Amino acid sequence: MSLPPAASPSSSSSLAEPLRFAYWVPNVSGGLVTSKIEQRTDWGYDYNRELAVLAENNGFDYALSQVRYMASYGAEYQHESTSFSLALLLATERLKVIAAVHPGLWHPGVLAKLGATADQLSHGRFAVNVVSGWFKDEFTALGEPWLEHDERYRRSEEFIRALRAVWTEDHAELAGDFYRIRDFSLKPKPLNTPERPHPEIFQGGNSTAARAMAGRVSDWYFSNGKDFDGVTEQIRDVRASADAAGRRVRFGLNGFLIARDTEAEAREVLREIVAKADTEAVHGFGAAVRQAGRSAADGKGMWQDSSFEDLVQYNDGFRTGLIGTPEQIAERIVAYKRRGVDLLLLGFLHYLEEVEYFGRRVLPLVRELEAELPEAELTEAGAAVKPVALRA
Ligand SMILES: Cc1cc2nc3c(=O)[nH]c(=O)nc-3n(C[C@H](O)[C@H](O)[C@H](O)COP(=O)(O)O)c2cc1C
């Protein structure tokens, strides 16, 4: 297989490290697309336990749970993210499970306590995804104030600082605008492993405020689905913010993957998903996400220019273009890696079947292409970033 041309020079990744893979845990009903197409994916625990074991045996490093308290984009039924994540951790041996949490609905000290227990029970495999929120109705239903966009990020940043302090320090103190911690010593703390000093902290959000916050406090930044230019533009900003803080932030990219033996088959699946979209739910979701980046002063952020088709996969997953044969997809994945992507977060239509197909047909090709990456590029990227371990 031939390698695609290297694009943007700006990369925060070390090309020498293997690309990592995560999957979206289908812990809400209706699957990952808001469509009436048949989806052989189940949101229940039995299905998810089988999926988690299958995923760790098919090259997946991480699973990401969703936090949702009430219906939107379909998703009428939902399992709670932290408890479901812990159940998946206990059912697996190597998979790291990332629990999505909303600052504003958790006290960081209480979440730190939960995280320490989950990390102890799973021998260091717990992680969190701090999501600042877009769904105002959920906060209203729970009787919590809905903050203006950039204030949500100010709160999330304080939340992450508190979490890290409680996880790593004795007598933690924080006199914040949103949270207070007084002389608090967590016992036991989460594991401090050679890979990372505390559970990894991911964040969702692509607005200007999200990028700035990532550079200052997050370990990982998650992007919604994007083409090459969309990724490069974000990596540049996040990296500038991280450089200013003397930190390294890793970059994860969402993509909905449709791999079939022929490109025509894969494209037909996409066409059918969109043709059978649940129009009412997609429009409702489109209206709700105006509370996200579009409500910020500069109007930049997730879903700012999403079309109807984009929103059918509610994290713009079709835009990443991981649709085609195993060879086409593997080449595109490695092209993203060369632009600085460290992790791909994947969603599928029929999870059990497609995770197995991915592990058997796509991943080996990705690893082959990674091994072919030119030495000069590896050295250049390696010199530009700090070493392999995930420690800040
Ligand atoms: C990978 C990823 C996962 C997310 N998961 C959730 C989630 O589980 N629940 C939720 O309410 N929001 C989730 N979000 C959305 C964020 O809460 C946030 O509203 C969104 O990223 C918009 O941010 P922005 O305004 O900074 O662009 C997620 C975002 C990303 C990128």
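Please read these numbers as outputs of a predicted model, since none were measured by experiment. (Residues numbered from 1 in each chain as written. Predicted model: local features only at pLDDT ≥ 70, side-chain atom pairs only at ≥ 80, totals over all residues.)

**Side note on the sheet that holds strand β8 (residues 220–223)**
Adjacent strands of a sheet form backbone hydrogen bonds with each other and so pair up, either parallel or antiparallel. Pairing within the closed barrel is parallel, and its eight strands lie in the order β1-β2-β3-β4-β7-β8-β9-β12. Neighbouring strand axes in the sheet, compared pairwise and without regard to direction, differ in orientation by 25° on average. Judged from the three bridges that link them, strand β1 (residues 20–24) and strand β2 (residues 62–64) form a sheet pairing that is parallel. The residue of β2 that forms the bridge with Tyr 23 is Ala 63. (Pairing = 2+ DSSP bridges. Helix = DSSP H or I, 4+ residues; strand = E, 2+ residues; numbered from the N terminus. Axes fitted to C-alpha atoms, helices over the stretch in contact; angles between N-to-C directions.)

**Structural notes on unusual backbone geometry**
Residues Lys 187 and Pro 188 are joined by a peptide bond in cis, for which omega reads 0°. Residue position: Pro 188 is located in the loop between β6 (180–184) and β7 (200–204). The backbone of Ala 75 sits at a positive phi, close to 50°, despite the residue not being glycine. Relative to the helices and strands, Ala 75 is located in the loop between β2 and α2 (81–91). One non-glycine residue, Asp 316, lies in the positive phi region at around 55°. Residue position: Asp 316 is located in the loop between α10 (308–312) and β11 (323–324). Residue classification places Asp 316 among the buried positions, given that 25 C-beta atoms sit within 10 Å. (Buried ≥ 20, exposed ≤ 12 C-beta atoms within 10 Å, placed from the backbone.)

**Re the environment of Gly 284**
With respect to the helices and strands, the residue Gly 284 is situated in helix α9 (residues 279–288). Here Gly 284 falls in the partly exposed class, since 16 other C-beta atoms lie within 10 Å of it. C-alpha of Gly 284 to C-alpha of Gly 74: the two residues are 210 residues apart in sequence and 9.5 Å apart in space.

**Quick look at the site of the ligand**
The immediate surroundings of the ligand are formed by 23 residues, with Val 131, Gly 204, Gly 205, Ser 207 and Gly 301 found nearest. In the shell around the ligand, the residues fall into 10 nonpolar, 12 polar and one charged. (Near = placed C-beta within 6 Å. Nonpolar A, V, L, I, M, F, W, Y, C, P; charged D, E, K, R; others polar.)

**Describing helix α7 (residues 228–244)**
Taking 1.5 Å of rise per residue, 17 residues should cover 24 Å, and α7 covers 24 Å from first to last C-alpha, within 8% of that figure. In this structure, the buried side of α7 is in contact with α6 (208–217), β8, β9 (250–256) and α11 (326–338). Downstream of α7 by one or two residues, Gly 246 has phi in the positive range, about 65°. (Expected span 1.5 Å × (residues − 1). Contact = placed C-beta atoms within 7 Å.)

**A short note on the confidence of the model for the protein**
On average, the protein scores 92 in pLDDT, and the residues at 70 or more come to 92%. Between the elements of the protein, mean pLDDT differs from a low of 50, seen in helix α13 (residues 375–384), to a high of 99, seen in β2. Note on residues 1–11: pLDDT under 50 across the span, and 27 contacts to partners over four residues away in sequence or across chains. Confidence over residues 379–392 falls short of pLDDT 50; this stretch has 22 contacts with residues more than four positions distant or in other chains. (pLDDT = per-residue confidence, 0-100.)

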